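The chain contents come next:
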Amino acid sequence: MCYKKIAREIKKYNTIVIARHIGPDPDALGSSIGLKELILYNFPKKQVYVIGAPASRFRYLGNVDKLPEIDYHKALLIVTDTPDAKRIDGADYTKFHKVIKIDHHPFIEKFADIELIDDKASSASQLIIELAKINHYKLNEDIASKLYLGVVADTNRFLYEYTSYKTLELAAWLIKETNLNFTSLYDNLYTKSLKEIIFSGYISLNMQITDNGLAYIKLSDDILKKYEVDSSTAGNLIENYNNVDKIKVVAFCSEDKGNNYIKCSIRSKGPIINEIASHYNGGGHIYASGARPKTFDEVDKMLEELDKLCQNFE
Ligand code: AMP
């Protein structure tokens with residue numbers, strides 16, 4: 001793994017831009033904002049910017065910057081948590097002097113000069129913690145809180161498959177190094193609004209489950225309006241249904257009128273789903289994927305493919 005090489009590049013460049021994927025989750029934000037703060041804490045004279053659309057739901061993870069005029073020929077771009085160029089939020093990677101990728105998704109394409117990819121790592125935030133540890137970077141509690149939340153969110157509190165001894169070891173190291181008061185951080189991630197809970201009642205009552213073990217729900221804009229939630233809310237609730245017996249794969253598909261697509265979150269207890277997601281403008285991890293079909297007819301086709309996948313899964 002090229003942690004030392006990455007540290008050498010960070011040291012070399014005075015202007016560093018950090019980007020992550022579109023539609024960010026806490027790991028994308030924690031890894032990118034945490035990395036920015038980590039670099040600034042260790043090299044206070046550098047100009048470091050973290051870019052991408054702001055995500056108001058996750059404001060507690062910090063803010064993004066508006067990129068000023070920079071000399072791209074002298075700038076380093078670091079992209080975290082993003083396997084392919086088309087999903088980089090807000091940066092044209094071809095303009096930069098050097099590009100580094102730090103990611104834990106299955107490989108899709110090479111777009112960076114240096115690619116640190118570990119698709120067995122729980123999260124991109126875990127990789128940033130390892131970068132800090134191997135290179136003896138100084139840390140503080142604020143930086144640690146962002147990286148810790150990235151790990152906790154992507155592992156669902158150390159529950160998922162890619163939680164390893166290394167995940168726990170690095171999390172423990174982070175807590176010990178910074179005296180991180182980690183239990184106080186959970187409120188931000190796990191407090192749900194009453195509206196979400198009422199909406200999850202609607203999902204539980206209306207979700208369909210096929211004989212093959214595919215659970216799904218299609219949510220129109222009218223339903224979202226009725227429950228006063230947005231198209232991301234169902235995706236935030238999907239983890240509640242991923243460990244229910246009789247369900248092998250669960251897919252929640254919500255109309256997103258603003259973006260003119262159907263936002264689908266898909267989770268699996270065994271069948272590998274990212275290949276099918278990639279047929280419908282999506283992708284992701286083998287057991288946690290997203291897709292953006294344009295119409296509910298396309299959603300039906302995707303659900304048919306997922307149902308067959310469940311049928312063929314022992
Ligand atoms: P979500 O259901 O939105 O939490 O996404 C689960 C995983 O799938 C995350 O790793 C996302 O980065 C990935 N993902 C979500 N939507 C897409 C998409 N349209 N294209 C590729 N990957 C996606």
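Read on for a plain summary of the structure. The structure displayed is predicted, hence computed values, not measured ones.

1. Notes on the site of the ligand
- Taken together, the neighbourhood of the ligand is formed by 14 residues, with His105, Ser265, Arg267, Asn281 and His285 sitting nearest.
- Within the side chain of arginine 267, a nitrogen or oxygen atom sits 2.9 Å from an oxygen atom of the ligand.
- The separation between a nitrogen atom of the ligand and a polar main-chain atom of glycine 283 is 3.3 Å.
- Coverage of the ligand by the protein amounts to 84% of the 480 Å² it exposes when considered alone.
- Mapped by element, the contributors of at least two residues to the shell around the ligand are strand E9 (261-268), strand E10 (283-284) and strand E11 (288-291).
- For the shell around the ligand, the element with the highest residue contribution is E11, accounting for 3 residues.
- Split into classes, the residues belonging to the shell around the ligand amount to 1 nonpolar, 10 polar and 3 charged.
- Split by domain, the residues of the shell around the ligand number at least three in each of domain 1 (3-189) and domain 2 (194-311).

2. Thoughts on the pairing of strand E4 (residues 98-103)
- Extensive coverage of E4 is indicated by the burial of 5 of its 6 residues.
- Where E4 lies against strand E5 (residues 114-117), 4 bridges are found, and the strand directions are parallel. Note on E5: the bridge partner recorded for isoleucine 102 is leucine 116.

3. Some points on the packing of aromatic side chains
- Within this structure, the stated rule accounts for 12 aromatic pairs.
- Aromatic side chains tyrosine 241 and phenylalanine 252 sit 5.3 Å apart centroid to centroid with 70 degrees between the ring planes, which places their arrangement in the edge-to-face category. Highlighted residues: tyrosine 241 in the loop between helix H9 (233-237) and strand E8 (249-256) and phenylalanine 252 in strand E8, separated in sequence by 11 residues.
- What makes phenylalanine 252 buried here is its relative accessible area of 1%.
- Aromatic ring contacts, followed pair by pair, group Tyr148, Phe158, Phe182, Tyr186 and Tyr190 into a single cluster.
- The positively charged end of arginine 157 is found above the aromatic ring belonging to tyrosine 190, 3.6 Å away from the centroid.

4. So, the sheet that holds E5
- The parallel open sheet is built from 5 strands, whose spatial order is E2-E1-E3-E4-E5. Whereas interior strands pair on both sides, the edge strands pair on one side only; in this sheet they are strand E2 (47-50) and E5. Averaged over all pairs of adjacent strands, the angle between strand axes in this sheet comes to 15 degrees, irrespective of strand direction.
- With 5 bridges connecting them, strand E1 (residues 15-19) and strand E3 (residues 75-80) associate as parallel partners. Directly across from alanine 19, in E3, lies its bridge partner valine 79.

5. Some remarks on unusual backbone geometry
- Not every positive phi belongs to a glycine, and arginine 157 is a case in point at roughly 55 degrees.
- Positionally, arginine 157 belongs in the loop between helix H4 (141-155) and helix H5 (165-178).
- Backbone geometry places phenylalanine 158, a non-glycine residue, at a positive phi of 65 degrees.
- Counting through the fold element by element, phenylalanine 158 comes out in the loop between H4 and H5.
- Exposure remark for phenylalanine 158: the relative accessible area of 24% places this residue in the partly exposed category.

6. Focus: the pattern of salt bridges
- Scanning the model with the defined rule gives 14 salt bridges in all.
- A salt bridge links aspartate 65 to lysine 36, with the nearest nitrogen and oxygen atoms 3.0 Å apart. Of this pair, aspartate 65 sits in the loop between E2 and E3 while lysine 36 sits in helix H2 (residues 26-42), placing them 29 residues apart in sequence.
- Taking the relative accessible area as the measure of exposure, lysine 36 reaches 15% and is therefore buried.
- Among the ionic pairs, glutamate 239 bridges to arginine 267, the shortest N-O distance being 3.1 Å. Of this pair, glutamate 239 sits in the loop between H9 and E8 while arginine 267 is found in strand E9, placing the two residues 28 residues apart along the sequence.
- Linked by salt bridges that have partners in common, Glu9, Lys12 and Lys98 make up one network.

7. Some thoughts on the pairing of E8
- E8 sits mainly inside the fold: 7 of its 8 residues count as buried.
- Of the pairings in the sheet, the one linking strand E7 (residues 214-219) to E8 comprises 6 bridges and is parallel in character. Pairing of isoleucine 217 across the sheet is with phenylalanine 252, part of E8.
- Examined bridge by bridge, E8 and E9 share 8 bridges and lie antiparallel to one another. From the neighbouring strand, alanine 251 faces E9, where its bridge partner is isoleucine 266.
- Connecting E8 to the next strand, E9, in antiparallel fashion are 4 residues, including asparagine 260 with a positive phi near 60 degrees.

Rules of the game
- Residues numbered from 1 in each chain as written.
- Predicted model: local features only at pLDDT ≥ 70, side-chain atom pairs only at ≥ 80, totals over all residues.
- Heavy atoms only, no water.
- Near = heavy atom within 4 Å.
- Polar contact = N/O pair within 3.5 Å; in protein donor to acceptor, adjacent residues only side chain to side chain.
- Areas by Shrake-Rupley, 256 points an atom, 1.4 Å probe, with all protein chains shown as cover.
- Helix = DSSP H or I, 4+ residues; strand = E, 2+ residues; numbered from the N terminus.
- Nonpolar A, V, L, I, M, F, W, Y, C, P; charged D, E, K, R; others polar.
- Domains from an automatic or database assignment.
- Buried < 20%, exposed > 50% of the residue type's maximum accessible area, 1.4 Å probe, protein only.
- Pairing = 2+ DSSP bridges.
- Phe/Tyr/Trp six-rings, centres within 6.5 Å; stacked < 30°, edge-to-face > 60°.
- Lys NZ or Arg CZ within 6 Å of the ring centre and 35° of its normal.
- Axes fitted to C-alpha atoms, helices over the stretch in contact; angles between N-to-C directions.
- Salt bridge = Lys/Arg side-chain N within 4 Å of Asp/Glu carboxyl O.

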